Amino acid sequence: MSRSQKVSLWIRQFSYSKVLTKVLYALLGIVLFAALASNVKPDELDIKLLSIAKKTIHSPITIEDKATTEKKRREAAQKVEDQYTYRSEYKQNRIDIVDSVFDAVKEVKEESKGAPSSGGQPQPLSVTEQLDRLKKKLPNDLTKSLTDQGLLALLSASSDQLLAARESAVTAVNNSMSTQIKINETDLAKKQIANELRYADVTGPLKETIISLGQYAVVPNYFYDPVATKERKQLEMSAVDSVYILQGQVIVKEGDTIKREVYDQLKLVGLADNQNALQPFIGLLILIVILLYFVYRQFEGFLKQKHEDKPYVLTYTIIVTITILIMKTISLFQKVEYAGIGYIVPVAMGTMLIKLMIGDRFVFLTSMIFSICGSIMFNEGVTSAFNYSVGIYILLSALSASIFLREKNRRSIILQAGLFISIFNVAVVAALLLLRNGHFSLFEAGLHLLMGAASGLISSVLAMGVLPYLESGLGIVSTMRLMELGSPNHRLLRKILLEAPGTYHHSIMVANLSEAACEAVGANGLLARVGAYYHDIGKTLRPHFFIENQMGIENPHDRLKPELSCDIIISHVTQGVKLLQEHKIPKEIIDIAAEHHGTTLLKYFYYKAIQQDKGKYTEDMFRYPGPKASSKESAIVGIADSVEAAVRSLNAPTPEQIEQLVKGIVTDRLQDGQFSECDLTFKELQIVTRTLCETLNGIFHSRIKYPELSEEKV
């Protein structure tokens, strides 16, 4: 075994271990974390209070500035004036008091006229008695406000004068109390009512009395309301919107002094100290764990459906790592060269290789991983941790590989796909530029478009260059590799054609049968076809010892002992495997060549041997060394190999004969335990049997027998 084959075998054995597979997930996580850690690391700024800003500082996040918000709300509350409540009921109360004074004067006057004396005759009350009675009818505080002279003026006034005085006083009090009078405005209100009553049409003494009465009646009716004031302040404070420091907002410009307010804002967004320095790394770690979980779950289902003995996880890890390293290398130039250099990243290379070597199932997930990583790597010049424009571009560019790389049977299709991806990238970049609403120069736009176009072409070139090394080193055969091996111009196939033409024709027939049967049960039909091309390559060393190559010559086995003939026949398997290994044919093809006979019995030579000496020979001496078929493709190629040889020995076989023959061969192999190491089910064996019969009936269909003309009729 060559050194490269040993390395390839070790890689496959390494990848088969479930424990080491988990190690690969961990290694992939380490690669992603190492590539992105420097891009999420917070900037270390030398910021001190009252120092001069060395550069313009933008906010890395959007966050509420609670201190400023609270300050603005306090200012809004301070602007609120004291709230007062107008007590409208006070007006009527004070008017009633004025009316009650004149009513009391009227009552005293009436009492003065009809008061009886000691002799029984009515005797008018004296002025003093009238004054005393009037004071008793009035409130004490009112009697203190009105002098005796004022009360006597009321008692001595005529009815007309009292009526005029009453109307003037009531009107003046009504007008005054209809206005809002604060406590500190009471004196002013009393002066105003005094001025108004001075124009009353009453005598002098009476005028002074109603002025005093009016001033007494005027009281504050507009009072400070602490509850309403508090509610108003709360309303104004709630109307003030929260103040936010927006992501990307300039906090301080270069050369400005870092004042207390600015310093507090820098501290709030985490730039004034390193207290939150670990948070971005923790967030990155959680993000990577989530992505790896998606990858793990995808592979968990994928490996159950596919061959678990293939290093798919290792292949995925290598492809993603290569792509990430290329992205990281390019991202290092964004500070030096150009901020939009992310558009040249050949991210489609990674998804092309994933599609070719593993399948479409992982293209979307991988595109999402590349998109997230790219948006973080190329965040220079943006204020957030993610550059969404580059992230969207990378996502669409990576996904486009799944659209444009449809056929996988020619390597030239990779270049064609690269050209379409370039055109697609240009369209995506143009859309992103236009979404910026024209904020770009023509030079910038042209450079962006050029880098997008270059990305697709570079991706296809790199994919074509890397693919052969991955195929040979990891032992995973891509569809393109199978198509190359299946080309009639391959030197080993030409060797079969030239040195063993009968075997070549037999291999072609087996290939057709195997491909149809494999596709019917969901196996790899192309692998079975190519494996069938090479399964009998060992016959080229001694082609005439195999009946399909004898073509009328004497059968050399007729002169040989059965055990020697058996060794020659069996050797075509071991020698074929050795020949395929020397030409570095993929392991999948070698396995088919080694397993297509399994451990079946060479019945012809065994029966011939026991006829000569029954006790000398055993079945084990005439069985192929194996191994048995380990895959569906190997098992089906083995069945097709036996079926084709058996049907070819029949003369004009009928459909019934073909069906009986195929079922017999399948049953014989099943009873012989030849399918014990592969995952073919009984249902799939029935489908294989039916498909082989249908294909053979199409090949050996009945033909019209044309009549021969006799020489006499010619």
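Residues numbered from 1 in each chain as written. Predicted model: local features only at pLDDT ≥ 70, side-chain atom pairs only at ≥ 80, totals over all residues. Heavy atoms only, no water.

The next point concerns the overall build of the chain. Of the regular secondary structure elements, the chain holds 29 helices and six strands. Scored against the burial criterion, the 714 residues of the chain give a buried share of 45%. A fraction of 78% describes how many contacts in the chain between residues 6 or more apart in sequence connect residues 24 or more apart. In the form shown here, the chain has an accessible surface area of approximately 38000 Å², with 56% of it arising from carbon and sulfur atoms. (Helix = DSSP H or I, 4+ residues; strand = E, 2+ residues; numbered from the N terminus. Buried < 20%, exposed > 50% of the residue type's maximum accessible area, 1.4 Å probe, protein only. Contact = heavy atoms within 4.5 Å. Areas by Shrake-Rupley, 256 points an atom, 1.4 Å probe, with all protein chains shown as cover.)

Looking now at the layout of surface pockets. By volume, the second largest pocket is sized at about 1100 Å³. If you trace the second largest pocket, you find 32 residues lining it, with His 597, Leu 602, Tyr 604, Tyr 624 and Ala 645 closest to the centre. At the level of elements, α24 (562–582), α26 (603–612), α27 (632–648) and α28 (655–671) are the ones that each hand at least two residues to the lining of the second largest pocket. The element contributing the most residues to the lining of the second largest pocket is α27, with five residues. (1 Å grid on protein atoms, 1.4 Å probe; cavity = no way out; pocket = protein on both sides within 12 Å on 5 of 7 lines; lining within 4 Å. Points joined across faces, edges and corners; volume = space filled by probe spheres on them.)

Overall, the predicted model of the chain reaches an average pLDDT of 83, with 88% of residues at or above 70. Model confidence for the chain, summarised as mean pLDDT per element, is weakest for helix α1 (residues 3–16) at 51 and strongest for helix α16 (residues 363–377) at 93. Considering only residues more than four positions removed or in separate chains, one finds that residues 709–714, a stretch of pLDDT under 50, has one contact. (pLDDT = per-residue confidence, 0-100.)

It is worth spelling out empty space enclosed by the protein at this point. Overall, the coordinates contain one cavity of 30 Å³ or more when judged by the stated rule. If you add up the space inside the largest cavity, you get close to 40 Å³. Considering the residues around the largest cavity, the lining is formed by Glu 595, His 596, Gly 598, Ala 629, Ser 634, Ala 635, Gly 638, Arg 669, Gln 674 and Phe 675. Looking at the lining of the largest cavity, the element that brings in the most residues is α27, giving three residues. The residue inventory of the lining of the largest cavity, partitioned by class, reads three nonpolar, five polar and two charged. (Nonpolar A, V, L, I, M, F, W, Y, C, P; charged D, E, K, R; others polar.)

Let us look at the nonpolar core. Membership of the largest hydrophobic core comes to 67 residues, with the highest contact counts inside it found for Phe 299, Tyr 316, Ile 324, Ile 358 and Ile 414. For this core, the elements supplying multiple residues, two or more each, are α2 (18–40), α13 (279–305), α14 (312–331), α15 (347–357), α16, α17 (388–404), α18 (412–435) and α19 (442–474). For this core, the leading source of residues is α14, giving nine residues. Sequence-distant contacts of Ile 414, that is, excluding residues within four places in its chain, are made with Met 352, Leu 356, Leu 405, Ser 460, Ala 463, Met 464, Leu 467 and Met 480. In terms of nonpolar packing, the next biggest core, distinct from the first, is built from 53 residues, Val 521, Tyr 533, Ile 585 and Val 647 among them. (Core = buried A, V, L, I, M, F, W, Y, C linked by side-chain atoms within 4.5 Å.)

This next bit is on the environment of Phe 622. Here Phe 622 shows up in the loop between α26 and α27. Ignoring sequence-local partners within four residues, the contact set of Phe 622 consists of Pro 562, Glu 563, Cys 566, Thr 600, Leu 601, Leu 602, Phe 605, Tyr 606, Ala 609 and Tyr 617.

Let us now look at the packing of aromatic side chains. Per the stated rule, a full pass over the model turns up 19 aromatic pairs. Centroid distance Phe 299 to Phe 362: 4.3 Å. Interplanar angle 35°. Geometry classified as tilted. Separated by 63 residues along the polypeptide, Phe 299 in helix α13 and Phe 362 in the loop between α15 and α16 bring together distant segments of the chain. An identical accessibility class is assigned to Phe 299 and Phe 362; each is buried. One aromatic cluster is present, built from ring pairs that chain together Phe 299, Phe 302, Tyr 312, Tyr 316 and Phe 362. Here Arg 94 stacks its cationic end above the ring of Tyr 216, 5.2 Å away from the centre of that ring. Over the aromatic face of Tyr 84 sits the side chain of Lys 182, whose NZ or CZ is 4.4 Å from the ring centroid. (Phe/Tyr/Trp six-rings, centres within 6.5 Å; stacked < 30°, edge-to-face > 60°. Lys NZ or Arg CZ within 6 Å of the ring centre and 35° of its normal.)

Turning to a nonpolar patch on the surface, a few remarks are in order. Residues Leu 278, Ile 282, Ile 286, Ile 290, Tyr 293, Phe 294 and Tyr 296 make up a contiguous nonpolar surface patch of about 690 Å² in total accessible area. Structurally, the position occupied by Leu 278 is in the loop between α12 (260–268) and α13. Leu 278 gets classed as exposed once you look at its relative accessible area, which sits at 61%. (Patch = residues over 30% accessible without salt bridge, like charges linked within 9 Å, V, L, I, M, F, W, Y side chains within 5 Å. Salt bridge = Lys/Arg side-chain N within 4 Å of Asp/Glu carboxyl O.)

Turning next to the packing of helix α22 (residues 501–520) against helix α29 (residues 682–699). Helices that pack against each other are described as a pair by the angle of their axes relative to one another and the distance between those axes. One can describe the packing of α22 onto α29 by two numbers: an axis separation of 9 Å at closest approach and a directional angle of 140°. Classified by the angle their axes make, α22 and α29 are oblique. Seen along the crossing, α22 lies across α29 with a hand that is right-handed. Each of Met 509, Leu 513, Ala 516, Ala 517 and Ala 520 in α22 lies in contact with α29, whose residues at this interface are Ile 687, Val 688, Thr 691, Leu 692, Thr 695, Leu 696 and Ile 699. (Axes fitted to C-alpha atoms, helices over the stretch in contact; angles between N-to-C directions. Parallel < 35°, antiparallel > 145°, perpendicular 65-115°, else oblique. Left-handed = near helix turned anticlockwise from the far one by under 90°.)

Here we come to helix α10 (residues 204–217). With 14 residues, α10 ought to run about 20 Å at 1.5 Å a step, and its terminal C-alpha atoms sit 20 Å apart, in line with that. Taken together, the buried positions of α10 are occupied by Leu 206, Lys 207, Thr 209, Ile 210, Ile 211, Leu 213, Gly 214, Tyr 216 and Ala 217. (Expected span 1.5 Å × (residues − 1).)

On to the side chain of His 490, then. By secondary structure assignment, the location of His 490 is in the loop between α20 (479–485) and α21 (491–499). What His 490 contacts, discounting residues up to four positions off in sequence, is Glu 484, Leu 485, Tyr 534 and Ile 585.

This part covers the packing of α15 against α16. Here α15 crosses α16 at 155°, and the two axes come no closer than 10 Å. By the angle between their axes, α15 is roughly antiparallel relative to α16. Regarding α15 and α16, the two cross each other, and that crossing is right-handed. Where α15 approaches α16, its residues Val 347, Gly 350, Thr 351, Ile 354 and Lys 355 are matched on the opposing element by Val 363, Thr 366, Ser 367 and Phe 370. Classifying every residue of the contact of α15 with α16 gives four nonpolar, four polar and one charged.

By the element assignment, Leu 602 lies in the loop between α25 (587–595) and α26. Leu 602 gets classed as buried once you look at its relative accessible area, which sits at 12%. Note: C-alpha distance between Leu 602 and Ile 570 (32 residues apart in sequence) is 8.8 Å. Among all residues touching Leu 602, those that are not within four sequence positions of it are Cys 566, Ile 569, Ile 570, Phe 622 and Tyr 624.

Every buried residue of α21 is listed here: Leu 492, Leu 493 and Ile 496. Angular distribution of buried residues about the axis of α21 spans 105°; they occupy a single face of the element. Seen from the open side of α21, the exposed residues pointing more than 90 degrees away from its buried face are Arg 491 and Leu 498. Where α21 is buried, its residues meet α20, α22, α23 (525–534) and α24. (Arc of directions from axis to C-beta.)

This next bit is on the pattern of salt bridges. A side chain of one charge can pair with a side chain of the opposite charge if their charged atoms are brought near each other. Per the counting criterion, the structure on display carries 24 salt bridges. Across the pair Lys 495 and Glu 499 runs a salt bridge whose closest N-O atoms are separated by 3.1 Å. Of the two residues, Lys 495 and Glu 499 are both situated in helix α21; the distance of four residues between them amounts to about one turn of the helix. Ionic contacts of the salt-bridge type, sharing partners, join the residues Glu 107, Glu 111, Arg 133 and Lys 137 into one network.

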